[in-house]
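Survey of secondary and tertiary structure
Listed here are the chains, written in short residue letters.
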Amino acid sequence: MPHFDIVTNVMILNSVSILSSVFQVVAECLAKERKRLIMLPVCSIFLIVTGYVLFAISYLAFESSLAINISVGLAIVGTIFVSVNWWENYSTLFAVSFLEDISRDIAQSRNVVCIISSLVRILVTSAVVGAYVPLSGQEWKLVKLVFETVVVSLVAIQIASSALCRWFVVVACKMHALRRSFVLPMYLASITVLAVFLVPTTVRLPKSNQTSTCFDNFQPKSSDEWLLLMLTDAIRTLNTRDIVVHKKTGGLVCLGCSALSWWLGLMLSTVYIWYLKIHRIERTQDLFVRRMYEGAFLEQSMLLNTRFEIRKRIKEKKVFLCATMWHETYDEMMKIIISMFRLDKYRPKTKEQHDVEFEFHIYFDDAFKDVDNGRHANEYAEILVDVIKEDPCTFKQKAALPRQKIINTPYGGRLEYTLPKGNLMMVHLKDKTLIRHKKRWSQVRLIKDPVKTQIQNILPRTSLIIFLTDSTSKSLKQVKNKENTYILALDGDTDFQPSAVMLLIDRLKLYPEVGAACGRIHPTGTGPMVWYQKFEYAVGHWLQKTAEHVFGCVLCSPGCFSLFRGAALMDNNVMKRYTTKASEASHYVQYDQGEDRWLCTLLLQQGWRVEYNAASDAYTNAPQDFKEFYNQRRRWGPSTMANTIDLLGSGGLTSQRNSSISKLYILYQIISMAASILGPATICLMISALALAIVPPIVYLILCFKLKSDTQIKIAAIMSILYAFLMAGTILSIIGDLVKQKTFLTPSGLFLIGMVVLYIITAALHPQEFSLVIYGLLYFLCIPSGYLLLVIYSIVNLNNVTWGTRETGSQAKTTTVDTIKKKVMNATCCKCPCLESEDLSEKTLPVCFHAVLLFFFLQVTFAFFFCNALWLVATFFLQAIGDSISIKIPKIYPNGTYDPTEVFSLDPIALMFLLSFTVLLLMQFVAMLYHRIYTLIHFVAYADTEIKSYRKQSHHTEY
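Residues numbered from 1 in each chain as written. Predicted model: local features only at pLDDT ≥ 70, side-chain atom pairs only at ≥ 80, totals over all residues. Heavy atoms only, no water.

**Some thoughts on the overall build of the chain**
Here is the rule: Under the DSSP-based scheme used, a helix requires at least four consecutive residues in state H or I and a strand at least two consecutive residues in state E, with every element numbered from the N terminus. Partly exposed describes any residue whose relative accessible area lies between the buried limit of under 20% and the exposed limit of over 50%, with all areas from a 1.4 Å probe on protein chains only and scaled to the type maximum. In what follows, residue pairs with any heavy atoms lying within 4.5 Å of each other are defined as contacts. All accessible areas in this document rest on Shrake-Rupley with a 1.4 Å probe, and a residue is counted as covered only by the protein chains that are shown.
Scanning the chain for helices and strands turns up 40 helices and 14 strands. By the burial criterion, 50% of the 959 residues in the chain qualify as buried. Restricting the contact set of the chain to residue pairs at least 6 apart, pairs at least 24 apart contribute 79%. Here the chain displays about 45600 Å² of accessible surface, and carbon together with sulfur accounts for 65% of that area.

**What about the pattern of salt bridges?**
Short version of the rule: Here, a salt bridge means any side-chain nitrogen of Lys or Arg that lies within 4 Å of a carboxyl oxygen of Asp or Glu.
Per the counting criterion, the structure on display carries 16 salt bridges. Between glutamate 357 and lysine 318 there is a salt bridge; the shortest N-O distance is 4.0 Å. Placement of the pair is glutamate 357 in strand β2 (residues 356-364) and lysine 318 in strand β1 (residues 317-325), with a sequence separation of 39 residues. Accessibility expressed as a relative area gives 16% for lysine 318, which makes it buried.

**Focus: the side chain of glutamate 359**
As a reminder, the rule being used: For the purposes of these results, a polar contact is taken to be a pair of N or O atoms within 3.5 Å, where, inside protein, one atom must be able to donate a hydrogen and its partner to accept one; residues adjacent in sequence count only when each atom of the pair is a side-chain atom.
Topologically, glutamate 359 is positioned in strand β2. Within the structure, glutamate 359 has its side chain in polar contact with the side chain of histidine 361 (distance 2.8 Å). Among residues more than four places away in sequence, those in contact with glutamate 359 are Lys318, Val319, Phe320, Leu321, Leu424 and Met426.

**Focus on helix α4 (residues 66-83)**
Just so we agree on the cut-off: Working rule for helices: expected span equals 1.5 Å times residues minus one. Relevant arc is that of directions from the helix axis to the C-beta atoms, nothing else.
For α4, spanning 18 residues, the distance from its first C-alpha to its last is 26 Å, which sits close to the expected 26 Å at 1.5 Å a residue. Among all positions in α4, only Ile68, Ser71, Val72, Ala75, Thr79 and Ser83 are buried. Looking down the long axis of α4, one finds its buried residues gathered within 100 degrees of arc, a one-sided arrangement. Exposed and oriented more than 90 degrees from the buried face of α4 are Leu66, Leu74 and Phe81. Those residues of α4 that are buried lie in contact with α2 (18-30), α3 (39-60) and α5 (87-91).

**Looking at the packing of helix α28 (residues 626-649) against helix α33 (residues 709-741)**
Test applied: In this analysis an axis means a line fitted to C-alpha atoms, helices contributing only their contacting stretch, and an angle means the value between N-to-C directions, from 0 to 180 degrees. The cut-offs work like this: below 35 degrees is roughly parallel, past 145 is roughly antiparallel, 65 to 115 is roughly perpendicular, and the gaps in between are oblique. Polarity classes work like this: nonpolar for Ala, Val, Leu, Ile, Met, Phe, Trp, Tyr, Cys and Pro, charged for Asp, Glu, Lys and Arg, and polar for all others, with Gly in that last group.
α33 packs onto α28 with a crossing angle of 110 degrees between their chain directions and a minimal axis gap of 10 Å. The angle between the axes of α28 and α33 places the two elements in the roughly perpendicular class. When α28 is examined against α33, the residues Phe626, Lys627, Tyr630 and Asn631 are found in contact with a partner set consisting of Asp710, Ile713, Ala716, Ala717 and Ser720. Counted by class, the contact of α28 with α33 contains five nonpolar, two polar and two charged residues.

**So, the sheet that holds β1**
Heads up, the condition is: Pairing between two strands is assigned when DSSP locates at least 2 bridges connecting them.
Taken together, the ten strands give an open sheet; going across it, the order is β5-β6-β7-β2-β1-β8-β11-β10-β12-β9, and neighbouring strands pair in mixed fashion. The sheet is open, and its two borders are formed by β5 (405-409) and β9 (495-496), each paired with just one other strand. In the sheet, β2 pairs with strand β7 (residues 424-430) via five bridges, with the strands oriented parallel. Directly across from histidine 361, in β7, lies its bridge partner methionine 426. Relative to the sheet, helix α16 (residues 330-346) contacts β1, β2, β7, β8 (485-491), β9, β10 (514-524) and β12 (609-621), its axis offset from that of β2 by approximately 160 degrees. Sitting on the sheet, helix α23 (residues 528-551) touches β10 and β12, and the angle it makes with β10 is about 155 degrees.

**Some thoughts on helix α7 (residues 110-135)**
End to end, α7 covers 37 Å across 26 residues, agreeing with the expected 38 Å (1.5 Å per residue, within 8%). Along α7, the positions that sit buried rather than exposed are Arg110, Cys114 and Val133. Positive phi appears at glycine 137, one or two residues downstream of α7, with a value of about 80 degrees.

**Some thoughts on the nonpolar core**
Proteins that are soluble and globular tend to have nonpolar side chains buried together. Keep this limit in mind: Remark: nonpolar core denotes a set of buried residues (Ala, Val, Leu, Ile, Met, Phe, Trp, Tyr, Cys) joined through side-chain atoms within 4.5 Å.
In terms of nonpolar packing, the biggest core is built from 90 residues, with Leu543, Tyr630, Tyr700, Tyr759 and Ile792 touching the most fellow members. Those residues in contact with leucine 543, other than ones at most four positions away along the chain, are Leu758, Tyr759, Thr762, Leu921, Gln924, Phe925 and Met928. Grouped together as the second largest cluster of nonpolar side chains are 56 residues, Met333, Phe364, Ile388 and Val427 included.

**Section: a nonpolar patch on the surface**
As a reminder, the rule being used: Here a patch means residues that are over 30% exposed by relative accessible area and free of salt bridges, tied together within 9 Å if like-charged and within 5 Å if nonpolar (Val, Leu, Ile, Met, Phe, Trp, Tyr).
Taken together, the side chains of Phe744, Leu750, Ile753, Val757, Ile761, Leu765 and Leu929 present a nonpolar region at the surface, about 530 Å² in accessible area. The biggest single contributor to the nonpolar patch is helix α34 (residues 747-764), with four residues. Along the chain, the position of isoleucine 753 falls in helix α34. For isoleucine 753, a relative accessible area of 35% puts it in the partly exposed group.

**Let's talk about the pairing of β5**
Sheet analysis places β5 next to strand β6 (residues 412-418), joined by five bridges and oriented antiparallel. Within β6, the position partnered with threonine 409 by the bridge is glycine 412. Hairpin connection from β5 to β6: two residues lie between these consecutive antiparallel strands.

**Some details on unusual backbone geometry**
The phi dihedral of aspartate 366 falls on the positive side, at around 55 degrees, and the residue is not glycine. Residue position: aspartate 366 is located in the loop between β2 and β3 (368-371).

What follows is the structure in structure tokens.
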């Protein structure tokens with residue numbers, strides 16, 4: 001290449017597509033049925049060979065010499081050898097088992113192959129340079145000068161630009177912008193580069209520069225001079241050619257036609273990419289055969305590495321929307337029903353739609369009540385029927401729904417409706433005297449029903465479990481049906497748009513290892529408790545869920561809006577354990593108090609991946625009063641801790657089964673769990689002196705052991721207000737100390753300012769939710785309530801197994817710890833018979849089972865509060881010891897100066913906590929940035945495809 005001009009060097013790279021064209025022609029000739037036009041690769045071969053011929057003529061006929069002749073031959077042979085680099089893509093054109101086996105073996109060890117091949121290339125390149133320098137008569141001194149001044153910079157620029165180009169190509173394909181953002185720019189790259197170098201040729205160089213070598217008389221000293229030198233040298237390669245100097249028309253025509261032939265040959269050999277059918281957020285491995293790219297042949301390698309066809313053919317998916325209801329209000333039911341009607345309008349049941357089909361199911365828990373002449377539907381079921389009948393009126397004027405079909409079933413009853421656009425909706429009314437009630441057992445049923453298992457005879461309660469775990473069940477054999485079946489789990493008050501569902505479907509369609517995907521949950525309602533939860537949910541999704549998604553897997557896919565893969569749910573080990581009765585106290589906390597988190601734990605342990613999509617928005621009602629909020633979190637807190645500990649306990653085995661969960665991710669979760677357990681003690685140390693900080697929590701802890709749960713909540717509400725004032729004082733004292741010290745570069749100042757800045761930047765990257773930062777102040781003021789009092793209340797009330805939300809006045813009162821203590825001895829002398837009873841699903845457990853819960857409660861409570869007490873005592877003694885072990889941090893002023901006489905003292909434990917918490921926040925922030933980019937890519941791809949298609953479809957058909 002040093003012997004050729006800039007035009008030849010740029011355009012000859014396009015000739016590496018010759019083997020691609022040859023194998024396309026051979027494949028089409030051997031194929032029984034032709035898939036593409038054979039004339040395009042034939043023309044490509046003709047043009048590339050013509051380019052070779054014209055290239056040889058332009059040099060051999062006009063500037064022939066021994067060195068030129070050798071260089072021409074090496075260039076032609078070299079480009080043909082380089083084209084072999086993409087043999088894996090060519091091999092896909094032929095059904096040859098030998099080549100397929102080799103490709104499969106290479107794919108399994110791709111990383112090792114890439115590392116070894118890269119090392120071999122470096123060694124070969126070094127050997128060629130080492131041999132070329134003495135053979136060409138050059139000095140190593142000149143090579144060293146070029147390497148130190150030019151090569152390092154060019155290599156850095158090449159690596160960065162090539163990596164960015166490759167990443168943007170992948171992004172363009174995922175965004176469904178294949179033609180305008182990938183194929184077209186790659187075609188124009190060579191022409192653009194050539195134009196950049198040829199434009200300066202309009203200015204003739206001095207004669208002294210036309211024949212001189214690049215380093216003869218000019219020694220550049222700056223980067224601008226080096227740039228000018230390289231540009232001048234590139235132009236010199238063309239201006240010093242005999243055909244240019246003497247304006248030989250024949251030679252110039254051969255030069256231009258060879259460059260054009262090679263370029264057109266590349267276009268025709270890769271024109272199949274223009275018509276390639278890809279899916280939204282297509283997987284990189286399904287787009288390109290090899291993960292790596294060739295930096296020296298960047299645009300050619302990206303084009304030639306693109307598969308001839310996307311191997312994965314996505315079949316039609318059946319999505320069952322399964323909502324669980326209990327005691328929802330009229331307005332809450334209206335939200336979910338309207339959302340279902342939206343989806344019915346979005347995807348009508350017609351023969352034209354081949355991607356996804358929807359079916360709607362509502363599982364109504366405890367839908368019957370006792371009356372004089374038997375059991376009839378209760379008032380909540382009647383409200384639901386009224387909502388369904390009224391709902392068509394919410395969409396412009398249309399005919400009312402057909403009369404409902406009422407069917408008696410072994411579990412109660414079923415109502416069937418045909419929605420306006422043809423989709424089917426079923427309302428399953430469960431009678432708790434015939435089948436297990438509560439949400440988990442509704443989910444068990446909604447998991448089984450969609451895979452076409454019809455329950456013919458369901459006996460009361462446990463017979464259902466026996467049936468579901470029967471290995472001969474017909475559904476377990478329908479593998480194909482499970483793979484193409486998705487279940488969208490919903491709450492009875494969830495509000496969502498069709499786009500939210502489609503975005504989740506995309507994840508499961510293209511990524512077969514994904515067992516579940518959840519969206520961004522937005523709490524709705526009014527009042528301070530809802531404001532607090534809005535910011536809490538925002539922070540949890542912005543930072544925690546994105547970090548889990550990026551570094552490993554999401555630990556909890558909420559049951560109010562999550563899409564599950566049927567094959568994942570029907571996994572034997574998942575279904576068998578999920579239908580297990582709670583026979584131990586810890587099981588009751590883990591299984592029924594947070595059934596969605598436990599289901600995700602089972603999926604993760606079986607090797608399935610759980611993901612989070614931030615663009616998939618869903619809205620659900622949040623508790624609006626303090627009591628309901630505390631009761632809800634009383635269930636969630638212990639369940640979260642129990643499931644996380646269960647997952648971490650099997651971390652080694654889980655990391656082996658689940659490729660998305662690494663040992664480092666397990667370590668990350670261990671640190672997060674430790675921070676959660678030590679949260680109460682940390683809050684005490686943060687807001688006041690140690691002696692004063694521990695008195696109120698200890699008093700509240702003692703009261704919780706003596707008083708009923710309702711009274712505990714009332715006391716917590718009063719203490720939350722007092723703690724809010726104390727928290728405000730703490731924040732103001734930190735700000736006042738910064739003013740007094742005349743610097744913000746203190747440990748507490750940097751921590752406070754850093755957190756505020758991080759949350760503001762994070763909110764700014766979520767522009768539609770930026771207004772939620774207003775509630776951030778309330779969230780910070782309520783930290784003691786949420787992370788101290790609520791934790792104490794949850795741990796002390798582990799024995800309380802009521803649901804806590806949407807309770808009716810007829811529910812039984814829970815037994816307090818003080819009451820249980822009187823009856824513990826009666827249950828310890830023999831095996832508790834009620835553990836075998838079927839009444840464990842009732843809200844009020846038998847006394848002996850409460851006794852078992854008490855033993856479990858005492859163990860957990862002791863371990864939890866012992867860890868916090870140990871943390872407090874260690875901090876107290878370190879503070880008491882004083883300066884002898886404290887870490888001295890010099891006082892630094894904002895202008896960069898520091899006073900050596902003034903220092904800040906920080907005990908080692910406090911420093912460790914600050915550093916650990918800071919590292920966790922920074923890791924979550926980086927994960928959030930990464931996740932936001934790919935969320936944007938997915939949403940743009942959806943907007944460019946699905947929304948346009950839907951608008952065309954529904955332009956003249958609206959409700």
